[in-house]
Amino acid sequence: MEQLTNPDSWVDAYADYLYRYALSRVSNTEIAEDLVQETFLAGIKNLDSFKGKSSEQTWLTAILKRKIIDHYRKKSSSKEVSFDMPDDRFGKYGSMNDHWMDSRAPKEWQLNSDEALENDELKAVLQACIQHLPEKWASCFILRIMEEMKGEEVCKELNISSSNMWVMLHRARLQLRDCLEKGWFK
Amino acid sequence: MDTKGKMMITCKEATFLISKKQQDKLNWFERLQLNLHLMMCKYCRRFAEQVSFITKAIASLKKKVMNQSAGVSLSDEKKQLIKKKLLEQKK
């Protein structure tokens, strides 16, 4: 509790952790820095609500999470996305209609799953791919998958229907897979 | 997605089900549709494997972010700025 009354040590103790957390959830360093700053400022404003039940770090992380949700809520457009929207990964005509185009279909990954999961470079590529998700799919993906919010909460915060959410999550996955294949399994 | 009780689904539909399966349980009919499709489609089998790998990789990435003690850090410049702002706010 004493640390909280001393902003200097507060920043020294938690800024890096909060920054790394933020950076894993947003698309660039500038936004992450701003979110960390806002988190500290909100923290000091709401010191009264810190009950000491959780650790300072947990408490500050909870504030940061809220800031991340707000960040994506502001960006979200509640425009409908439909499953039927065009996707050039899949064919358009005749018997190929809605089946994988050979040129866009998943290539074979030379993959030892266990080894790959330990590989830090692969994680770095994956993180970059997540950061580069198109904005329209990113909000949903970050909140549902990275923040592990419940589906209903995500829909409420972003003001989208649940079928919309499923389509967005799916689009984000298609994109991530493409990105990882290009960036890692070439 | 509306597959209207049809047995044969397209790759576009199958990939959607594969994706959905990462978060949610499919109902028995969706499972039937998907498994039937996977038996016949090499690309979707690959897609399914790769997506489930990505799901695991994301879990491991999140863990790494939480445990990381060195490496990425906030610049000193920004830290000083935040300290200054906090002091101002306290006054």
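Everything in this summary refers to the structure shown in the same document. Computed from a predicted structure; not experimentally measured.

**Some words on the state of the cysteines**
Thought 1: Counted according to the given criterion, the structure contains one disulfide over all chains.
Thought 2: For A:Cys129, the disulfide goes to A:Cys179, at an S-S distance of 2.1 Å. In this structure, the disulfide formed by A:Cys129 and A:Cys179 twists by about -85° around the S-S bond and is classed as left-handed. On the criterion of sequence distance, the pair formed by A:Cys129 in helix H5 (residues 120–131) and A:Cys179 in helix H8 (residues 162–183) is long-range, its members being 50 residues apart.
Thought 3: Judged by relative accessible area, which is 27%, A:Cys179 ranks as partly exposed.
Thought 4: Not engaged in a disulfide, the cysteine A:Cys140 finds its nearest cysteine sulfur in A:Cys155; these two sulfurs lie 7.0 Å apart.
Thought 5: With no disulfide of its own, B:Cys44 lies closest to B:Cys41 among cysteine sulfurs, the gap being 3.7 Å.
Thought 6: Under the relative-accessibility criterion, B:Cys44 is labelled buried at 0%.

**What about the environment of B:His37?**
Thought 1: Along the chain, B:His37 falls in helix H2 (residues 28–40).
Thought 2: Residue classification places B:His37 among the buried positions, given a relative accessible area of 5%.
Thought 3: A sequence separation of 31 residues divides B:His37 from B:Lys6, and the C-alpha atoms of the two residues are 12 Å apart.
Thought 4: The contacts of B:His37, once residues within four sequence positions are left out, are A:His99, B:Ile9, B:Thr10, B:Cys11, B:Ala14 and B:Cys44.

**Overview of the pattern of salt bridges**
Residue and element names in this part refer to chain A.
Thought 1: Inspection of every chain in the model, using the stated rule, returns 21 salt bridges over all chains.
Thought 2: Note that Arg73 and Glu157 form a salt bridge whose closest N and O atoms lie 3.3 Å from each other. Here the residue Arg73 occupies a position in helix H3 (residues 56–75), and Glu157 occupies one in helix H7 (residues 151–158), the gap between them amounting to 84 residues.
Thought 3: Its relative accessible area of 38% is what places Arg73 among the partly exposed residues.

**What about the nonpolar core?**
Thought 1: Judged by nonpolar contacts, the single largest core of 70 residues is most densely connected at A:Phe40, A:Leu126, A:Ile130, A:Phe141, A:Leu176, B:Phe53 and B:Ile58.
Thought 2: The leading source of residues in this core is helix H1 (residues 7–23) of chain A, at ten residues.
Thought 3: Summarising the domain contributions, this core has at least three residues from each of domain 1 (3–75) and domain 2 (94–183) of chain A.
Thought 4: Apart from the residues lying within four places of it in its own chain, the contact partners of A:Phe40 are A:Trp10, A:Val11, A:Tyr14, A:Ala15, A:Leu18, A:Leu60, B:Ile82 and B:Leu86.
Thought 5: One finds A:Trp100, B:Ala14, B:Tyr43 and B:Val51 within the second-largest nonpolar core, a separate group that totals 17 residues.

**Remarks on the side chain of B:Gln50**
Thought 1: Position of B:Gln50 relative to the elements: it lies in helix H3 (residues 42–67).
Thought 2: Apart from residues no more than four positions distant in its own chain, B:Gln50 is found in contact with A:Pro106, A:Lys107, A:Trp109, A:Arg177 and A:Glu181.

**Quick notes on the packing of helix H2 (residues 29–45) of chain A against helix H4 (residues 76–90) of chain B**
Thought 1: Contact geometry of H2(A) with H4(B) gives a least axis separation of 10 Å together with a crossing angle of 25°. As summarised for this structure, H2(A) and H4(B) are arranged roughly parallel, according to the angle between their axes. The way H2(A) lies across H4(B) gives a crossing that is right-handed. Facing H2(A), whose interface residues are A:Glu33, A:Asp34, A:Val36, A:Gln37, A:Phe40, A:Leu41, A:Ile44 and A:Lys45, H4(B) presents B:Lys78, B:Leu81, B:Ile82, B:Lys85, B:Leu86, B:Gln89 and B:Lys90.

Calculation rules
- Residues numbered from 1 in each chain as written.
- Chains lettered and ligands numbered in written order.
- Predicted model: local features only at pLDDT ≥ 70, side-chain atom pairs only at ≥ 80, totals over all residues.
- Heavy atoms only, no water.
- Disulfide = S-S within 2.5 Å.
- Helix = DSSP H or I, 4+ residues; strand = E, 2+ residues; numbered from the N terminus.
- Buried < 20%, exposed > 50% of the residue type's maximum accessible area, 1.4 Å probe, protein only.
- Contact = heavy atoms within 4.5 Å.
- Salt bridge = Lys/Arg side-chain N within 4 Å of Asp/Glu carboxyl O.
- Core = buried A, V, L, I, M, F, W, Y, C linked by side-chain atoms within 4.5 Å.
- Domains from an automatic or database assignment.
- Axes fitted to C-alpha atoms, helices over the stretch in contact; angles between N-to-C directions.
- Parallel < 35°, antiparallel > 145°, perpendicular 65-115°, else oblique.
- Left-handed = near helix turned anticlockwise from the far one by under 90°.

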